[in-house]
There are 2 protein chains.
Amino acid sequence: MSELKPGRSFVSAQQVAELAGVSRSAVSRTFTDGASVSETTRKKVLEAAETLGYHVNHLARSLIHEDSGIVCLIGADINTPYHSRLIDAITRRLQAINRVAMVINTSGDTDSVEAALRQTLNYRANATVVLSGTPPTSLINTCLNSGQHVILINRDDHLDGPENISVDNAAAAREAFHMLHRAGSRRIAVVSSQAGTPSLVARERAFETAAGEAGLDVTITRAGPTGYGAGFEAGRLLLSGSHRPDAAFCVTDLLACGFMDAARVEFGMNVPEELCVVGFDDIEQAGWASYQLTTFRQPIVQVADHITMLLDGEDPLRQRGGSVSFHADPVWRRTVRPK
Amino acid sequence: MSELKPGRSFVSAQQVAELAGVSRSAVSRTFTDGASVSETTRKKVLEAAETLGYHVNHLARSLIHEDSGIVCLIGADINTPYHSRLIDAITRRLQAINRVAMVINTSGDTDSVEAALRQTLNYRANATVVLSGTPPTSLINTCLNSGQHVILINRDDHLDGPENISVDNAAAAREAFHMLHRAGSRRIAVVSSQAGTPSLVARERAFETAAGEAGLDVTITRAGPTGYGAGFEAGRLLLSGSHRPDAAFCVTDLLACGFMDAARVEFGMNVPEELCVVGFDDIEQAGWASYQLTTFRQPIVQVADHITMLLDGEDPLRQRGGSVSFHADPVWRRTVRPK
DNA sequence: TTGTATGCGTTATCAG
DNA sequence: CTGATAACGCATACAA
């Protein structure tokens, strides 16, 4: 059987048909769910396919069905603990419903979000999931008109076309304030970043108003891009003054880790005795012994499940353009005084 | 111009041609690099395409060229700091050479690596990059015979068909030993995991033999899957005994972080005074103030660059099946005594 | 430069 | 159950 010499090319159904001594249609039917093939032909085809190394060309198949099986995941900072976990969860569930994820990294230049949207159209993706960034509305509409699902994660501008999945940042931020307030903190700092992401802004705002209602002023510090470094820098700035805060709400766990490290390493402070800290996201590091950060858990599983639910329901009548919001539950650890 | 009502379907070149009043070919040529179209038709086509929201169907285009532009990234534990950084770097560079990444998460069941290989064939990917896991040799050969690039990262079995990219784990592990030995450590523990990955085993082995050559015995602890938890548990086990080690080589930064936390939180030990620690990977957390871990930097950029280099070279005569190895350079921080 | 015709690999339809 | 044939959206050789 020296027939299978390295063809340097993909095997087609035609070749399989010839080797099996049947028609192309028979091959096609063998690999189509719910088609009627006799057991004998089926066996012959399967065997021929195996020896030749045949695999159905989904690209060609997608030309006929309006279903490529591709879902585009668009996002920046995908190496961030939160985003990588989200991508992990989404890809896993997508595969469970026979879809495959195409991830487009928009970390580069500014207009790469637009380029990403174009890619999703070029590859006839069934759906586009925007994890971060602001896509041009016109392109979103093109996607929608093309029959794509467009799923926006954590945007505040709830457009009517796309489906919006968000986290109730405001509720969590309010709760964060009350946790700190009940613990006796009165000079509370908010540590944020210069990113200005809708989620982050929502957390800042809600915390600020909750504090205002309790008669407290808060100062917001934005010392750089969202991450450990900015948190550390914020700690350095805030704690070197004479009027040190006695608590901090960090809008991200990464910021919180940096902030805590600055407090302890640079100023020798004890958490939570001298300084209470609350974070957001519940990244893995928040649970590490060095931090034991009290924070709010991102509903990653719910988000991923909801996405697959939207895509799996092949019901074309399904109402598109809804908005769902999941709760971020508090995770009590050790950076807030119990009392 | 009420022609552009939401078609719930992708726009085809045909429709653009009709609106522009030209032939299908003219549309095709407008979007094909190096085709000859007059400026007038080009303008007309572009305008029609814009109003209709037309985007070239790469799936159909790939049917003609043997070039889908898709590169499959296959791996498990993609939410790990090391893997997510690798994926970030690779996707970024892939996009720079006009390719798009399809990531297949093999975290689920065991034979999902095989399923992943099948997907890469189904989607006629130009290349398959295996970040982790052991794909069946037969399927690898199918990929190769189909004309795909197959790139294996950090596998020790250097097959002749695929291209292998690896890190010189042995050299780094040897260096790790000498760093600790020179610092005066004599009771050195190796902290590893039960994963048994080629990389990890190579590090263990090389460290062990280097120690043996210096007349030292090392004990290897594998307390769970590669991660913070296993490192913490290893610390608990190793440091509770009466014969405490005075140094540890953790084959992964995540293990090292867990180990250090156990040493400090559970046993109140000082690093590096009472205990030296060396990690591997140089994940972001290794540089955090709480750890300041001395470790070895994964050559992520080189790996990503090499991959794109392999794929960008459209030279079909290019020798396939090579092996490259990059060095992991030491990053000196504070967990090893200077002396 | 432009249009016509053909083929890429697949599936759906239809006749047998 | 099976095979021939027409699409799917696109690129290109060819003729004009």
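Residues numbered from 1 in each chain as written. Chains lettered and ligands numbered in written order. Predicted model: local features only at pLDDT ≥ 70, side-chain atom pairs only at ≥ 80, totals over all residues. Heavy atoms only, no water.

Novice: Hey, could you run me through the overall build of chain A in this one?
Specialist: Broken down by element type, chain A carries twelve helices and twelve strands. Relative to the globule expectation of 20 Å for 339 residues, the C-alpha radius of gyration of chain A, 26 Å, shows a markedly less compact shape. With 339 residues in all, chain A has 54% of them scored as buried. Of the roughly 14,400 Å² of accessible surface on chain A, 48% is carried by carbon and sulfur atoms. A gap of 3 Å separates the mean positions of the 32 positive and 38 negative side-chain charges of chain A. (Helix = DSSP H or I, 4+ residues; strand = E, 2+ residues; numbered from the N terminus. Rg over C-alpha atoms; globule rule 2.2 N^0.38 Å. Buried < 20%, exposed > 50% of the residue type's maximum accessible area, 1.4 Å probe, protein only. Areas by Shrake-Rupley, 256 points an atom, 1.4 Å probe, with all protein chains shown as cover. Lys, Arg positive; Asp, Glu negative; His and termini not counted. Charge placed at Lys NZ, Arg CZ, Asp CG, Glu CD.)

Novice: Please explain the sheet that holds strand β11 (residues 323-326) of chain A as it appears in this structure.
Specialist: Strand order across the open sheet formed by twelve strands is β11(A)-β5(A)-β4(A)-β3(A)-β1(A)-β2(A)-β2(B)-β1(B)-β3(B)-β4(B)-β5(B)-β11(B), with mixed pairing between neighbours. Across the chains shown, the open sheet's two edge strands, defined by having one partner strand only, are β11 of chain A together with β11 (323-326) of chain B. Neighbour-to-neighbour, the strand axes of the sheet open up by a mean angle of 20 degrees, direction not taken into account. Across four bridges, the pairing between strand β5 (residues 163-167) of chain A and β11(A) is parallel. Along β11(A), the bridge assignment pairs A:Ser166 with A:Ser325. Strands in contact with helix α12 (residues 300-312) of chain A are β1 (70-75), β3 (127-130), β4 (149-153), β5 and β11 of chain A; relative to β4(A), the strand with the most contacts, it is inclined by about 165 degrees. (Pairing = 2+ DSSP bridges. Axes fitted to C-alpha atoms, helices over the stretch in contact; angles between N-to-C directions. Contact = heavy atoms within 4.5 Å.)

Novice: Would you take a moment to explain the UniProt feature "domain: HTH lacI-type" (unreviewed entry) in chain A for this structure?
Specialist: Taking the numbering used here, the UniProt-annotated feature "domain: HTH lacI-type" (unreviewed entry) corresponds to residues 11-65 of chain A. Each end of residues 11-65 of chain A is marked by a C-alpha atom, and these two atoms are 21 Å apart; helix forms 65% of the span and strand 0%. (UniProt positions renumbered as here; feature names shortened; annotations may be inferred.)

Novice: Sorry, what's going on with the relation of the copies chain B and chain A here?
Specialist: Think of it as a corkscrew move, a rotation about one axis and a shift along it, taking one chain copy to the other. After a rotation of 180 degrees and a shift along the axis of 0.0 Å, chain B superposes on chain A with an RMSD of 0.1 Å. The relationship between the two copies is best expressed as a two-fold rotation axis. The rotation axis passes nearest to the C-alpha of B:Met102 in chain B, at a distance of 2.1 Å. An overlap of 100% is found between the interface residues of chain B and their copies at the interface of chain A, pointing to a shared contact surface. (Least-squares fit on C-alpha atoms with pLDDT ≥ 70 in both.)

Novice: Just checking my understanding: could you explain the side chain of A:Thr106 for this structure?
Specialist: As for its placement among the helices and strands, A:Thr106 is situated in the loop between β2 (100-105) and α6 (112-122). Once you skip the residues sitting within four places of it in the chain, A:Thr106 turns out to touch A:Ile74, A:Gly75, A:Ala76, A:Ser112, A:Val113 and A:Ala116.

Novice: What's the story with the protein's contact with DNA strand C in this structure? I'm lost.
Specialist: Lining the immediate environment of DNA strand C, one finds 26 residues, of which A:Ala13, A:Arg61, A:Ile64, B:Ser25 and B:Ser38 sit closest. Restricting attention to atoms of DNA strand C within 4 Å of the protein, one finds that 61% of them are sugar or phosphate atoms. A:Ser28 is positioned such that a nitrogen or oxygen atom in its side chain is 2.7 Å from a phosphate oxygen of DNA strand C. Within the side chain of B:Ser23, one N or O atom sits 3.0 Å away from a phosphate oxygen of DNA strand C. For the surface near DNA strand C, the secondary-structure elements that each account for two or more residues are α2 (24-30) and α4 (58-64) of chain A together with α2 (24-30) and α4 (58-64) of chain B. At four residues, α4(A) tops the list of elements feeding residues into the surface near DNA strand C. (Near = heavy atom within 4 Å. Polar contact = N/O pair within 3.5 Å; in protein donor to acceptor, adjacent residues only side chain to side chain.)

Novice: How should the protein's contact with DNA strand D be read in this particular structure?
Specialist: Taken together, the neighbourhood of DNA strand D is formed by 26 residues, with A:Arg29, A:Ser36, A:Ser38, B:Ala13 and B:Arg61 sitting nearest. Restricting the count to atoms of DNA strand D within 4 Å of the protein gives a sugar and phosphate share of 64%. The separation between a phosphate oxygen of DNA strand D and a polar side-chain atom of A:Ser36 is 3.0 Å. In this structure, a phosphate oxygen belonging to DNA strand D sits 2.9 Å away from a side-chain N or O atom of A:Thr41. Listed by contribution, the elements that provide at least two residues to the surface near DNA strand D are α2 and α4 of chain A together with α2 and α4 of chain B.

Novice: How should empty space enclosed by the protein be read in this particular structure?
Specialist: Space left empty within the atom packing is revealed by a probe, the size of a water molecule, rolled over the atoms. Considering all chains together, one arrives at one cavity of 30 Å³ or more under this definition. The volume enclosed by the largest cavity comes to roughly 50 Å³. Forming the walls of the largest cavity are A:Ile78, A:Ser84, A:Ile87, B:Ile78, B:Ser84 and B:Ile87. Those elements giving two or more residues to the lining of the largest cavity turn out to be α5 (81-96) of chain A together with α5 (81-96) of chain B. Here the lining of the largest cavity is built from residues that sort into four nonpolar, two polar and no charged. (1 Å grid on protein atoms, 1.4 Å probe; cavity = no way out; pocket = protein on both sides within 12 Å on 5 of 7 lines; lining within 4 Å. Points joined across faces, edges and corners; volume = space filled by probe spheres on them. Nonpolar A, V, L, I, M, F, W, Y, C, P; charged D, E, K, R; others polar.)

Novice: Explain the interface of chain B and chain A here, please?
Specialist: Think of interface size as the accessible area that goes away when the parts come together; that is how it is often given. Between chain B and chain A, the contact holds 63 residues from the first and 63 residues from the second. Both sides together, the interface formed by chain B and chain A hides about 5,900 Å², and carbon and sulfur atoms give 57% of it. By the criterion of area lost to chain A, the three top residues of chain B are B:Phe10, B:Leu59 and B:Arg124, representing 15% of everything that side buries. Joining chain B to chain A, the criterion identifies zero salt bridges. The interface formed by chain B and chain A contains 30 residue pairs in polar contact (both at pLDDT 80 or more). Within the residue set of the side of chain B that touches chain A, elements represented by two or more residues are α4, α5, β2 (100-105), α6 (112-122), α7 (137-145), α10 (228-240) and α11 (253-266) of chain B. With seven residues, α5(B) is the single largest residue contributor to the side of chain B that touches chain A. Grouping the constituent residues of the side of chain B that touches chain A by class yields 28 nonpolar, 24 polar and eleven charged. Here β2(A) pairs with β2(B) via three bridges, running antiparallel. Bridged to A:Met102 within β2(B) is B:Met102. (Buried area = accessible area lost by both parts, 1.4 Å probe. Salt bridge = Lys/Arg side-chain N within 4 Å of Asp/Glu carboxyl O.)

Novice: For this particular structure, what's the right way to read a nonpolar patch on the surface?
Specialist: A cluster of nonpolar side chains, contributed by A:Leu63, A:Ile64, B:Leu63 and B:Ile64, occupies part of the molecular surface with about 430 Å² of accessible area. Those elements that provide at least two residues to the nonpolar patch are α4 of chain A together with α4 of chain B. Topologically, B:Ile64 is positioned in helix α4. (Patch = residues over 30% accessible without salt bridge, like charges linked within 9 Å, V, L, I, M, F, W, Y side chains within 5 Å.)

Novice: Can you walk me through the packing of aromatic side chains in this structure?
Specialist: Two numbers describe a pair of aromatic rings. These are the distance of the centres and the angle of the planes. A full pass over the atoms with the stated rule returns 14 aromatic pairs over all chains. On the basis of an interplanar angle of 85 degrees and a centroid distance of 5.5 Å, the ring pair of A:Phe177 and A:Phe207 is categorised as edge-to-face. Separated by 30 residues along the polypeptide, A:Phe177 in helix α8 (residues 169-182) and A:Phe207 in helix α9 (residues 198-213) bring together distant segments of the chain. Note on A:Phe207: relative accessible area 0%, which makes it buried. Relative to B:Trp288, the ring of A:Tyr291 lies with its centre 5.9 Å away and its plane at 85 degrees, an arrangement referred to as edge-to-face. Taken as a pair, A:Tyr291 in the loop between β9 (276-278) and β10 (295-297) and B:Trp288 in the loop between β9 (276-278) and β10 (295-297) lie in two separate chains rather than in one. Overall, A:Tyr291 belongs to the buried group, its relative accessible area being 3%. Here the aromatic residues A:Tyr228, A:Phe232, A:Tyr291 and B:Trp288 are joined through ring pairs into a cluster of three or more. Above the face of the A:Phe280 ring, A:Arg203 is positioned so that its terminal group lies 3.7 Å from the ring centre. (Phe/Tyr/Trp six-rings, centres within 6.5 Å; stacked < 30°, edge-to-face > 60°. Lys NZ or Arg CZ within 6 Å of the ring centre and 35° of its normal.)

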